Amino acid sequence: MCKVKVLITNDQAEIKIPTGIRMLIRKCCHAVVESEKLGHDAEVSVLLVNDKKIHALNLEHRGIDRSTDVLSFPLGENGVYDEDIDNGAYLLGDIVISLETALKQSEIYGHSLEREVGFLTVHSMLHLLGYDHEQSSLAERIMREKEEAILTSLGISRDETFTISEHSHQ
C-alpha cells in the first residue's frame, strides 16, 4: 500500500476548522491515489484559505477575477512527477480550498461542510493526477463518476452524506 503524505496548512480565520476535517482531507487524498492505482508514495499540499486569498490566486494564475471553491496546481504532467529527494515520493502538487466558499456551497446544496470539503479534495486530487473536466463533456462525466465512486467508498456520497450537527462558525 502506498503512503500519501498530506501537508495541510490553515491560512484563514473566518471558518473554524471542524473536528476531523484534516483526517477527512488525508483520507480523500489517499483514496484517490489508491483508486487511480498510482502505485507510488506521494506528497500533496493542501492550503485552506478565505475567499479574498483564493480570489487573488485565481486572478494571478488563471486570469479569472473572482473567488472560487478550489484551485489545483499540479506538479506532474502526463504521469511524470518530480520526486522528493529525501524519500522518493511523487510530488503531486498543491490544492487550495476556500473554506468560506465551501461553507456557502454546503448550505446551498444542503449537505455538510465535511462532504463539500471531501468533494473538493477528491476533485482537486483528480486534477493533480491529470484529469480535466473542462476538456470535454465526456472528460467531465468520467471525472464526476470517479469523484462519486471515491466519495461513496469513503461513506460521504451525495446520497449517504454524514452531517455534523454542531458547526461552530466564527
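Rules of the game
Residues numbered from 1 in each chain as written. Predicted model: local features only at pLDDT ≥ 70, side-chain atom pairs only at ≥ 80, totals over all residues. Heavy atoms only, no water. Helix = DSSP H or I, 4+ residues; strand = E, 2+ residues; numbered from the N terminus. Rg over C-alpha atoms; globule rule 2.2 N^0.38 Å. Buried < 20%, exposed > 50% of the residue type's maximum accessible area, 1.4 Å probe, protein only. Contact = heavy atoms within 4.5 Å. Areas by Shrake-Rupley, 256 points an atom, 1.4 Å probe, with all protein chains shown as cover. Lys, Arg positive; Asp, Glu negative; His and termini not counted. Charge placed at Lys NZ, Arg CZ, Asp CG, Glu CD. Pairing = 2+ DSSP bridges. pLDDT = per-residue confidence, 0-100.

A. Quick look at the overall build of the protein chain. For the protein chain, the helix and strand inventory stands at five helices and four strands. For the protein chain, the succession of helices and strands along the chain, N to C, is β-α-β-α-β-β-α-α-α. Relative to the compact-globule value of 15 Å for 170 residues, the protein chain shows a C-alpha radius of gyration of 15 Å, a close match. Taken along its principal axes, the extent of the C-alpha atoms in the protein chain is 40 × 35 × 35 Å. Here the protein chain holds 170 residues, and the buried ones make up 45% of them. By sequence separation, contacts in the protein chain at least 24 residues apart represent 68% of the contacts at least 6 residues apart. A total of about 9300 Å² of accessible surface is found on the protein chain, and carbon and sulfur atoms cover 48% of it. Here the protein chain contributes 17 positively and 29 negatively charged side chains, and the mean placements of these two sets differ by 3 Å.

B. Local environment of the pairing of strand β4 (residues 90-98). Most of β4 sits inside the fold, with seven of its nine residues counted as buried. Pairing between strand β2 (residues 42-49) and β4: eight bridges, direction parallel. Paired with Leu48 across the two strands is Ile97, which belongs to β4. Here five bridges tie strand β3 (residues 70-74) to β4, and the two strands are oriented antiparallel to one another. Its bridge partner being in β4, Phe73 is matched across the sheet by Asp94.

C. Examining the confidence of the model for the protein chain more closely. Per-chain confidence: the protein chain averages 90 in pLDDT, with 92% of residues scoring 70 or above. Mean pLDDT per element in the protein chain: helix α5 (residues 137-153) is the minimum at 93, and β2 is the maximum at 98. Segment residues 160-170: pLDDT under 50, and 21 contacts once partners within four positions in sequence are set aside and those in other chains are kept.

D. Expanded view of unusual backbone geometry. Non-glycine residue Lys37 carries a positive phi angle of around 50°. Assignment of secondary structure puts Lys37 in the loop between α1 (21-35) and β2. The backbone of Asn78 shows a phi angle near 55°, a positive value even though the residue is not glycine. Positionally, Asn78 belongs in the loop between β3 and β4. Overall, Asn78 belongs to the exposed group, its relative accessible area being 76%.

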